[in-house]
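# Inside the fold
Each chain is listed here by its residues.
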Amino acid sequence: MEIEARIRPLVDALNATGLVQTFSSCEGHFAPEEQTLVDRNQAEVRFIPASGIQSPQVERLLASVLIRFKQSHGLVPTTVTGFKLFTPLDEVEVEETFVLQLRPFNRFDSPNHKRADTDRAIQQIVAILGQMKR
């Protein structure tokens, strides 16, 4: 599946750290006609540790990105969060996935405003990742 153009710089920057392997992303879809049963009012990238990398290293990367983003840009107009998602695969096995999510702070802003805020936050995170060393 093709990576959407607006989220591609963030996908590439995350993969360039050498710490993660991305496998799913969404640039966010804010117009009313783009909504589905699933909330699409955010952008996100999902990833797992790269080969030979342990989860604590990825957790430190994610925490560092979140802290630097908040220090430099705050939580408005885009809130950036990261978390580990646990998804049951069957009765025994649970999949662990990391998620970096960008959500417009004001859900009542116009779709164009949310798009612009999200695009700016993507570029800001890409810049943060570019400043970090492995």
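Described in the following lines is the structure provided in the data block. (Residues numbered from 1 in each chain as written. Predicted model: local features only at pLDDT ≥ 70, side-chain atom pairs only at ≥ 80, totals over all residues. Heavy atoms only, no water.)

## Structural notes on a negative patch on the surface
Convention followed: Only residues above 30% relative accessible area that lack a salt bridge enter a patch, with like-charged residues linked at up to 9 Å and the nonpolar side chains Val, Leu, Ile, Met, Phe, Trp and Tyr linked at up to 5 Å. Note on areas: Shrake-Rupley, 1.4 Å probe, and residue coverage restricted to the protein chains presented here. The working definition used for a salt bridge is a side-chain nitrogen of Lys or Arg within 4 Å of a carboxyl oxygen of Asp or Glu. Charge counting treats Lys and Arg as positive and Asp and Glu as negative, with His and both chain ends excluded. In plain terms, the charge of a residue is placed at NZ if it is Lys, CZ if Arg, CG if Asp and CD if Glu. Helical segments are the DSSP runs of H or I of at least four residues, strand segments are the runs of E of at least two, and each set is numbered from the N terminus.
Judged by side-chain charge, Asp90, Glu91, Glu93 and Glu95 come together as a negatively charged surface patch. The topology assignment puts Glu93 in the loop between β3 (78-88) and β4 (94-104).

## Here we look at the pairing of β3
Basically, it comes down to this: Paired strands are those between which DSSP finds at least two bridges.
Two elements, β3 and β4, share 11 bridges in a ladder whose sense is antiparallel. Considered in β4, the bridge of Phe86 is made with Glu96. The hairpin turn running from β3 into β4, its antiparallel successor, is five residues long.

## Overview of the nonpolar core
Nonpolar side chains in soluble globular proteins tend to be buried together. We count it as follows: Here, the term nonpolar core denotes a set of buried Ala, Val, Leu, Ile, Met, Phe, Trp, Tyr and Cys residues that are joined through side-chain atoms within 4.5 Å. Residue burial is assigned from relative accessible area. The probe radius is 1.4 Å, only protein chains are included, and a residue is buried under 20% of its type maximum, exposed over 50%, and partly exposed in between. We call two residues in contact whenever any of their non-hydrogen atoms come within 4.5 Å of each other.
In this structure, Leu10, Leu14, Phe47, Leu100, Leu102, Ile125 and Leu129 are the most contacted members of the largest nonpolar core, which totals 27 residues. At the level of elements, α1 (8-16), β2 (43-49), α2 (55-73), β4 and α3 (111-131) are the ones that each hand at least two residues to this core. For Leu129, the residues in contact, after removing those within four places along its chain, are Leu10, Ala13, Leu14, Thr17, Leu61 and Val65.

## What about the packing of α2 against α3?
Filter applied, for reference: In this analysis, axes come from line fits to C-alpha atoms, helices being fitted only over the stretch in contact, and the angle between any two N-to-C directions falls in the range 0 to 180 degrees. Here roughly perpendicular refers to angles of 65 to 115 degrees, roughly parallel to angles under 35, roughly antiparallel to angles over 145, and oblique to all remaining angles. Handedness of a helix crossing follows the sense of rotation of the near helix relative to the far helix, less than a right angle counterclockwise being left-handed and clockwise being right-handed. Gly is placed with the polar residues, together with every amino acid not listed as nonpolar (Ala, Val, Leu, Ile, Met, Phe, Trp, Tyr, Cys and Pro) or charged (Asp, Glu, Lys and Arg).
Across the interface, α2 lies against α3 with an axial gap of 10 Å and an inter-helix angle of 120°. As judged from the angle between their axes, α2 and α3 are oblique. Pair α2 / α3 crosses with right-handed handedness. On α3, the residues that touch Leu61, Val65, Arg68, Phe69 and His73 of α2 are Ala121, Gln124, Ile125, Ile128 and Leu129. Its residues assigned to classes, the contact of α2 with α3 comprises seven nonpolar, two polar and one charged.

## So, the sheet that holds β3
Spatially, the four strands line up as an open sheet ordered β1-β2-β4-β3, and their pairing is antiparallel. What marks the edges here is a single partner per strand, and that holds for β1 (20-26) and β3. Sheet twist, expressed as the average angle between the axes of neighbouring strands with direction ignored, equals 25°. Strands β1, β2, β3 and β4 of the sheet are contacted by α2, whose axis makes an angle of about 160° with β3. Strand contacts of α3: β2, β3 and β4, with the helix running at about 120° to β4, the strand carrying the most contacts.

## Overview of the pattern of salt bridges
Side chains carrying opposite charge are able to pair once their charged atoms draw close together. Under the counting rule described, the total for this entry stands at eight salt bridges. The closest approach of N and O atoms between Arg6 and Asp119, which form a salt bridge, is 2.9 Å. You can see Arg6 sitting in the segment before α1 and its partner Asp119 sitting in helix α3, a full 113 residues away along the chain. A salt bridge links Glu44 to Arg46, with the nearest nitrogen and oxygen atoms 2.6 Å apart. One network of salt bridges, with partners in common, ties together Arg6, Arg115 and Asp119.

Keep in mind these values describe shape, not function.
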